[in-house]
Amino acid sequence: MFFCSHINKRTTYLDPRLAFTVEDNPVKPTTRQKYDGSSTAMEILQGRDLSGKVVIITGANSGIGFETAKSLALHGAYVILACRSVSRGSDAVQRILGEWHKAKVEAMTLDLASLQSVQHFAEAFKSKNLPLHILICNAAVFGVPWCLTEDGLESTFQVNHLGHFYLVQLLEELLRQSSPARVVVVSSESHRFTEIKDSCGKLDFSLLSPSKKDYWAMLAYNRSKLCNILFSNELNRRLSPHGVTSNSLHPGNMIYSSIHRNWWVYTLLFTLARPFTKSM
């Protein structure tokens with residue numbers, strides 16, 4: 001079963017009150033609007049018309065990234081799905097087009113474990129001569145075994161933080177030119193359970209990209225999420241005077257996405273917690 005709007009000839013499998021409504025003159029609420037744990041992306045975007053907005057989302061072929069991409073696209077934004085796998089990115093595009101055939105979505109290759117790939121992505125996007133209004137740094141790995149990227153860095157640190165850091169640097173000027181614009185960095189409450197300073201209170205670079213004998217997957221993830229927040233805060237301080245805001249966020253505890261797929265213990269833990277947590 002699907003719904004159809006005979007006015008604009010759009011169809012959707014979603015509740016049409018969420019997918020079709022656009023408020024002509026939205027009234028600013030007198031109090032801050034609040035959402036709870038059951039709120040969906042479609043509900044939060046209800047009444048928003050994002051036509052003309054260009055959005056890049058990393059890791060948008062599954063999980064939180066895909067739901068974000070779909071919701072923004074169904075509200076009129078031109079969404080770039082920046083994915084490591086070309087085939088999975090293309091599949092995600094087709095799933096969104098299945099919801100609304102006029103959605104403006106495109107998949108582009110981006111492997112955050114390769115700084116060269118990040119550079120190529122940025123150059124390819126700039127060649128399209130498009131503005132950039134929203135950059136969502138969503139992609140992440142969790143619980144992966146120790147390994148080095150082609151750049152000689154520990155993979156969790158590079159994928160979760162350094163690759164995004166480099167991507168923002170390459171697209172910073174374009175964000176300024178497109179202002180008002182924003183950067184959104186998906187972090188985690190896990191950042192509270194780690195430290196990146198040595199005993200003297202100075203930044204310990206060896207903790208960011210540790211050797212194999214000093215590596216623990218959970219700590220590596222926590223440190224990368226702490227780096228996300230520190231980066232977002234400093235980015236906002238530097239760019240907000242130029243019309244570009246930056247925010248970091250915690251998406252929720254143990255949301256049942258595919259991020260836990262790298263180790264069976266985490267998969268079991270997420271499965272047991274699934275009835276009590278938010279699902280995709």
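The shown structure was predicted, so the numbers you read here are calculated from the model rather than taken from an experiment. (Residues numbered from 1 in each chain as written. Predicted model: local features only at pLDDT ≥ 70, side-chain atom pairs only at ≥ 80, totals over all residues. Heavy atoms only, no water.)

1. Brief notes about the pairing of strand β5 (residues 104-109)
Alright, step 1. Here 6 bridges tie strand β4 (residues 78-83) to β5, and the two strands are oriented parallel to one another. Note that in β5 the partner of Tyr78 across the bridge is Lys104.
Alright, step 2. In terms of handedness, the path from β4 via helix α4 (residues 86-99) over to β5 forms a crossover that is right-handed. (Pairing = 2+ DSSP bridges. Helix = DSSP H or I, 4+ residues; strand = E, 2+ residues; numbered from the N terminus. Right-handed = clockwise from strand over helix to strand, strands pointing away.)

2. Some words on the sheet that holds β5
Alright, step 1. The 6 strands are arranged β5-β4-β3-β6-β7-β8 in an open sheet whose pairing can be described as parallel. Since the sheet does not close on itself, it has two edges, and those belong to β5 and β8 (244-249), each with one partner. Sheet twist, expressed as the mean angle between neighbouring strand axes with direction ignored, is 15°.
Alright, step 2. Its contacts with the sheet place helix α5 (residues 115-126) against β3 (54-58), β4 and β5, and it is angled at close to 145° to β5.
Alright, step 3. Against the sheet, helix α8 (residues 217-239) engages β7 (181-186) and β8, with an angle of about 160° to β8. (Axes fitted to C-alpha atoms, helices over the stretch in contact; angles between N-to-C directions. Contact = heavy atoms within 4.5 Å.)

3. Some points on the nonpolar core
Alright, step 1. Membership of the largest hydrophobic core comes to 34 residues, with the highest contact counts inside it found for Ile56, Phe121, Phe125, Leu132, Leu135, Leu171 and Val183.
Alright, step 2. Those elements giving two or more residues to this core turn out to be β3, β4, α5, β6 (134-137), α6 (155-177), β7 and α8.
Alright, step 3. Counting residues per element, this core draws most heavily on α6, which supplies 6 residues.
Alright, step 4. The residues touching Phe125, leaving out its near neighbours within four places in the chain, are Val54, Ile56, Ile80, Met108, Leu130, Pro131, Leu132, Leu171 and Leu174.
Alright, step 5. In this structure, Leu50, Ile57, Ala77 and Val105 belong to the second largest nonpolar core, which totals 24 residues. (Core = buried A, V, L, I, M, F, W, Y, C linked by side-chain atoms within 4.5 Å. Buried < 20%, exposed > 50% of the residue type's maximum accessible area, 1.4 Å probe, protein only.)

4. Focus: the pattern of salt bridges
Alright, step 1. Taken as a whole, this structure holds 6 salt bridges when the rule is applied.
Alright, step 2. Glu106 is the partner of Lys128 in a salt bridge, and the nearest nitrogen-oxygen pair spans 2.7 Å. Here Lys128 is found in the loop between α5 and β6, whereas its partner Glu106 is found in strand β5, with 22 residues between them in sequence.
Alright, step 3. According to the relative accessible area criterion, Lys128 is partly exposed, its value standing at 31%.
Alright, step 4. Where Arg237 meets Glu234, a salt bridge forms, and the shortest distance between an N and an O atom there is 2.6 Å. Of this pair, Arg237 and Glu234 are both found in helix α8, 3 residues apart, which corresponds to roughly one turn of the helix. (Salt bridge = Lys/Arg side-chain N within 4 Å of Asp/Glu carboxyl O.)

5. Focus on unusual backbone geometry
Alright, step 1. Cis rather than trans, the peptide bond between Ser179 and Pro180 has omega equal to 5°.
Alright, step 2. Mapping Pro180 onto the fold places it in the loop between α6 and β7.
Alright, step 3. Of note in the backbone geometry, Asn129 takes a positive phi value of approximately 55° without being a glycine.
Alright, step 4. Mapped onto the elements, Asn129 comes out in the loop between α5 and β6.
Alright, step 5. When its relative accessible area of 70% is taken as the criterion, Asn129 is described as exposed.

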